[in-house]
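For reference, the chains in residue letters:
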Amino acid sequence: MDTFMSQYRLPAVAAADRLGLFPSLAGAPADAGGLAASRRLDRVGTSVLLEFLAALGYLAVHGGRYHLTPAARTFLLPDGSRYWGPMLTLGWDERCTAVRELVTTGTPHGYRGRGIWETHERSPRHGEQFARAMHAHSAGPATALASQLDLTGCTALLEVGGGVGTFAMALARRNPHLKATVLDLPVVEREANRLLERADLAERVRLRTGDMFADPWPGDQDRVLFADVLSDWDDEHCRGLLERARAALSVDGRLLVHQVMPDDAARLSPTVSGYSLALAVMTGGRLRTFRELVALLEASGFADCTVTPVYGHYALITARPA
Ligand SMILES: C[S@@+](CC[C@H](N)C(=O)[O-])C[C@H]1O[C@@H](n2cnc3c(N)ncnc32)[C@H](O)[C@@H]1O
């Protein structure tokens, strides 16, 4: 994860340099909203970028405002004798453009300006490569969740945006009474079926292809799971998904949200803050704190949210329909 997420370090600093954010903050320390308003930038994009720059050690927060650290004052102010901007922007590439676009317009870059999920559907090569990547990424967290989650008495679980079924398979393997449905786009079908056959779980884990925003979901579920899904979407889309989840749950059912949900300490990790920036650039989502997720869940008809740490920075929220 550290190695993968290191890819946004240079783009973040180079884009901030090109946008003149370091001299702005040197002159007038500000919070993300204040900087976005004064520079006419996107508030969410600015906030994700500033958090990452703080995790990298170029900004520090005092009294809710971002200030330059000594390293930024020395190397990132164009008037300084040791200014490194020309060197940083020598490495300007598509990722740098993507970060700049996110901060100026709030638009995710996806693949060369095309939406990530539409690209996967149009180009199965990209879609299948992504599905395999997610399986590699999720194998560890899924095994950890399966070893910790008590699913006694549950027979029906729906995993929404479940990819090739990595989580559903791990949970089914651990809980022989469980039947799971994995809802995802058609592009995952070939790889999901291959993995399900290989794991001998095709009878208990079924893939249902469709659009999670538009197509019907199976009802009367004991559990509805979102694993690394809400972090791909803005608040409005998340509320839509959560309302559908509520409708799909049985009266005693529970919602499960499994993803990285950073607390203040985790936000200082370049890997975690870089992950949030990568999500914003690729999908238009971002990481949210436990509190932000609880606010979303409560606004969508859930109550009694509890959080349990699971694996590295991953945690699980369990909630019941209100
Ligand atoms: C970040 S991946 C998470 C995959 C899986 N839950 C995991 O953790 O390994 C997000 C998933 O959402 C799926 N997805 C995106 N838009 C979708 C839509 N409109 N309907 C169904 N699935 C969608 C993607 O295909 C992808 O598999």
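Here the structure is a predicted model, which is why all the values come from computation and not from measurement.

A. Geometry of the sheet that holds strand 4 (residues 179–184). Pairing within the open sheet is mixed, and its seven strands lie in the order 5-4-3-6-7-9-8. In this open sheet, the two strands that pair with only one neighbour each are strand 5 (205–209) and strand 8 (302–311). The sheet shows a mean angle of 20 degrees between the axes of neighbouring strands, direction not considered. As paired strands, strand 3 (residues 156–160) and strand 4 are joined by five bridges and run parallel to one another. The partner of A156 across the bridge, within strand 4, is K179. Across the sheet, helix 13 (residues 235–248) lies against strand 6 (221–227), strand 7 (249–260), strand 8 and strand 9 (314–321), angled at about 145 degrees from strand 7, the strand it touches most.

B. Seen up close, helix 13. With 14 residues, helix 13 should reach 20 Å at 1.5 Å per residue; the first-to-last C-alpha distance of 20 Å fits that figure. Those residues of helix 13 not exposed but buried are C238, L241, L242, A245 and A248. End-on view of helix 13: buried residues confined to an arc of 115 degrees, all on one side of the axis. Exposed side chains of helix 13 directed beyond 90 degrees from the buried face belong to E236 and A247. Where helix 13 is buried, its residues touch strand 6, strand 7, helix 16 (290–299) and strand 8.

Criteria and thresholds
- Residues numbered from 1 in each chain as written.
- Predicted model: local features only at pLDDT ≥ 70, side-chain atom pairs only at ≥ 80, totals over all residues.
- Heavy atoms only, no water.
- Pairing = 2+ DSSP bridges.
- Helix = DSSP H or I, 4+ residues; strand = E, 2+ residues; numbered from the N terminus.
- Axes fitted to C-alpha atoms, helices over the stretch in contact; angles between N-to-C directions.
- Contact = heavy atoms within 4.5 Å.
- Expected span 1.5 Å × (residues − 1).
- Buried < 20%, exposed > 50% of the residue type's maximum accessible area, 1.4 Å probe, protein only.
- Arc of directions from axis to C-beta.

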